[in-house]
Amino acid sequence: LLPLLLLLLLLTSPLHAQPAPEPVALDALTRDQALSLGVERNLLLLASGAERDRQAAAPDGASLPYVPVLYARADASSTPLLNDDDATRRAFGWTGGLRWSNTVGTTLDAYAQGEASSLGGQGGDAQRATLGIAVTQPLLRGRGQLGAAPDLLLAQLDAAIERERFRARLNDLLVEIEAAYWALAFAQADLLIKTRSRERARQQFEDTRENIRRGLLAEPEIYIVEENLVFFDQQLVAANERLAIAQRRLIALLVLDPASRPEAADPLAAPAFGLPAPDDAARTARQRHPDAAAQRALLERARIARDAEANQRLVRLDASGALRLHGVGGPLGQTWQAAATAERPEVALGLSLEVPLDYDPNDARLRRADLAQDAADLTLADTLQRLDLSARDRLTELDSQLQRRDLAIRRLDLAQRKLDAALDRYRNGLSTLDEVVRFQRDLDTANITLQQLIVDLLVTWSRLRRDLGTLHDDLGLEVR
């Protein structure tokens, strides 16, 4: 009798990590282009995405114990008979079958067995064939998905948790890119203002020096305009420094060529938006923020782990049943025919019971699981409270910034009017050059203050939507 041989082919496709993107050199960027590049190229987001994908594969990996298994075994033996030194029993047997366990604890085993034996020296060959099916079902410990497959449920929750963490990281990155982009736009505007101011101060210096040469102004007047020129030279140096730092911050987030000099193509302009009511914003944050979703999943994870420990504390009581069909003796074909036609059926039913003699270890594990669930419940409550208050704080901040923006616009207008009036008085000999220089600085300060408030509004508006958990949706990004 030839043995039953089963060849199992395992097809594997290795996963390769996504390589880091190569730095690229870019010049002018719109805000939308910067956001798109950041999502595609940011190294920390790519790493977070790899971790999300790794956890997404966890449920499939956890289902390994519930994959049907084909098995085969063959053995041969040679045994001397105790009552006859010249006689030896030689046997060759094999078993092949399919074994499967499902996620509620049921184990099914369907198999076929064959054996051929002979008594050396005495003649007489024997054939034995068996077709069988056996079923085992836990009734207490190990019953149901919480008893048999908690790891599969936990793996599914781990994948959901990592997805929410990735969503939070994505929203954080979008805010970082927004802040870096508008900081670059502000640095460019600031440099433009400082350059104009320095050129104006230089022209005033040249004009004053010429007027002193002509005898129209006293010589000490040169110190006022020269000090003003030095002041704006200092301001220009600082503006160039801020621009270089802002460029490198955006380079790091978008993985650009370190030698590139990106420019913000979108002008600074105050966003047009309507603020939601505080209660509506807080409700949205509690429902949609990734931190809230992740913490709810963590609480569910703790609950499942606790219920699984409670199941493991039960005694083991398993029911089993088996049906075996035998065929014995005769030619090989008749032996299997006898088994297949159920000439010799065997039915077996059974119960097995296991009771631990010490419940202290199980009780300790259950207490730990109870405490973990309590901690997760409290952490969720704290997270929801934090998100509620954060949304309200962000609305307060935005409301204040809108008011300050309006006041800054009014201040800029007044600074311009004040300077125009001072120039008229100076031309008529009613004001001093020192007053004109001071009012020019006030105008520059008011202009820069307005630009900074616009940047603050743009970034805070993004932070509000990040705190509500809607930023990536508002930008048309879908997290799968």
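Below: a short report on this structure. (Residues numbered from 1 in each chain as written. Predicted model: local features only at pLDDT ≥ 70, side-chain atom pairs only at ≥ 80, totals over all residues. Heavy atoms only, no water.)

**Focus: the overall build of the chain**
Counted only if it meets this: Note on conventions: DSSP H or I runs of at least 4 residues are helices, E runs of at least 2 residues are strands, and numbering of each starts at the N terminus. This radius of gyration counts C-alpha atoms alone. The globule rule is 2.2 Å times how many residues there are, raised to the power 0.38. Relative accessibility decides the category of a residue: with a 1.4 Å probe and only protein chains considered, values under 20% of the type maximum give buried, values over 50% give exposed, and everything between is partly exposed. For this analysis, residues touch if any pair of their heavy atoms sits within 4.5 Å. Note on areas: Shrake-Rupley, 1.4 Å probe, and residue coverage restricted to the protein chains presented here. Think of it this way: Lys and Arg go in the positive column, Asp and Glu in the negative one, and His and the chain ends go nowhere. Think of each charge as sitting on NZ of Lys, CZ of Arg, CG of Asp or CD of Glu.
The helix and strand inventory of the chain stands at 12 helices and eight strands. Computed over C-alpha atoms, the radius of gyration of the chain comes to 40 Å, more than 25% over the 23 Å expected from 2.2 N^0.38 for 480 residues, which places it beyond the range of a compact globule. With the C-alpha coordinates aligned to their principal axes, the bounding extent of the chain is approximately 145 × 45 × 35 Å. Residues counted as buried form 39% of the 480 residues belonging to the chain. Considering only intrachain contacts with a sequence separation of at least 6, the fraction spanning at least 24 residues in the chain is 79%. Roughly 27000 Å² of accessible area belongs to the chain as shown, and the carbon and sulfur atoms make up 55% of that amount. For the chain, the distance from the average site of its 58 positive side-chain charges to the average site of its 69 negative ones is 3 Å.

**As for a nonpolar patch on the surface**
Convention followed: Residues enter patches when they are more than 30% accessible in relative terms and free of salt bridges; like-charged ones are connected within 9 Å and nonpolar ones (Val, Leu, Ile, Met, Phe, Trp, Tyr) within 5 Å. We count a salt bridge whenever a side-chain nitrogen from Lys or Arg sits within 4 Å of a carboxyl oxygen from Asp or Glu.
A contiguous nonpolar surface patch, about 460 Å² in accessible area, is contributed by I133, V135, L323, V347 and L349. Those elements giving two or more residues to the nonpolar patch turn out to be β5 (125-138) and β8 (344-354). According to the relative accessible area criterion, L323 is partly exposed, its value standing at 36%.

**Comments concerning helix α5 (residues 150-214)**
The cut-off we apply is this: Working rule for helices: expected span equals 1.5 Å times residues minus one.
Spanning 65 residues, α5 covers 95 Å between terminal C-alpha atoms, matching the ideal 96 Å at 1.5 Å per step. Once α5 ends, the next one or two residues include G215, with phi positive near 85°.

**A look at the side chain of D109**
Definition in use: A 3.5 Å cut-off defines polar contacts: any pair of N or O atoms within that distance qualifies, except that in protein one atom must be a possible hydrogen donor and the other a possible acceptor, and neighbouring residues in sequence count only when both atoms are side-chain atoms.
Positionally, D109 belongs in strand β4 (residues 107-120). A polar atom in the side chain of D109 sits 2.7 Å from the side chain of Y71. With near-sequence residues (within four places) excluded, D109 lies in contact with Y71, L98, R99, G132, I133 and A134.

**A closer look at the packing of aromatic side chains**
Definition in use: Any two rings among Phe, Tyr and Trp, with Trp reduced to its six-membered ring, count as a pair given centres within 6.5 Å; such a pair is stacked if its planes are under 30 degrees apart, edge-to-face if over 60, and tilted if neither. Two thresholds decide whether a charge sits over a ring: the Lys NZ or Arg CZ must be within 6 Å of the ring centre and within 35 degrees of the ring normal.
Summed over the entire model, instances satisfying the criterion amount to two aromatic pairs. Between Y181 and W182, the aromatic rings sit 5.1 Å apart at their centres with planes inclined by 85°, giving edge-to-face as the arrangement. The class for Y181 is buried, based on a relative accessible area of 1%. Look at W182 and you get buried, because its relative accessible area is 6%. Between F231 and F232, the aromatic rings sit 5.1 Å apart at their centres with planes inclined by 80°, giving edge-to-face as the arrangement. Residue classification places F231 among the partly exposed positions, given a relative accessible area of 24%. A residue is classified by how much of its surface remains accessible, and F232, at 2% relative accessible area, is buried. The positively charged end of R52 is found above the aromatic ring belonging to F166, 4.2 Å away from the centroid.

**A short note on the pattern of salt bridges**
Scanning the entire structure with this criterion turns up 43 salt bridges. Among the salt bridges present, the one from D32 reaches R31, with a minimum N-O distance of 3.0 Å. Among the residues examined, R31 registers a relative accessible area of 18% and is labelled buried. One salt-bridge network, in which partners are shared between bridges, spans D172, R394, E397, R466 and D467.

**Section: the pairing of strand β7 (residues 316-328)**
Put simply, the test is: Any two strands with at least two DSSP bridges between them are considered paired.
In this structure, β5 lies alongside β7, joined through 11 bridges in antiparallel fashion. Paired with T130 across the bridge in β7 is H326.

**Examining the packing of helix α1 (residues 31-41) against α5**
Stated formally: Only C-alpha atoms enter the line fits that serve as axes; for helices the fit covers just the stretch in contact. Angles between N-to-C directions range over 0 to 180 degrees. An angle below 35 degrees is read as roughly parallel, one above 145 as roughly antiparallel, one from 65 to 115 as roughly perpendicular, and any other as oblique. The handedness criterion is simple: a crossing whose near helix is rotated anticlockwise from the far helix by less than a right angle is left-handed, and one whose near helix is rotated clockwise is right-handed.
At a minimum axis distance of 10 Å, the contact between α1 and α5 shows a crossing angle of 140°. Classified by the angle their axes make, α1 and α5 are oblique. The crossing of α1 and α5 is right-handed. Together, R31, A34, L35, G38 and V39 of α1 and L170, L173, L174, I177, E178, Y181 and W182 of α5 make up the contact between the two elements.

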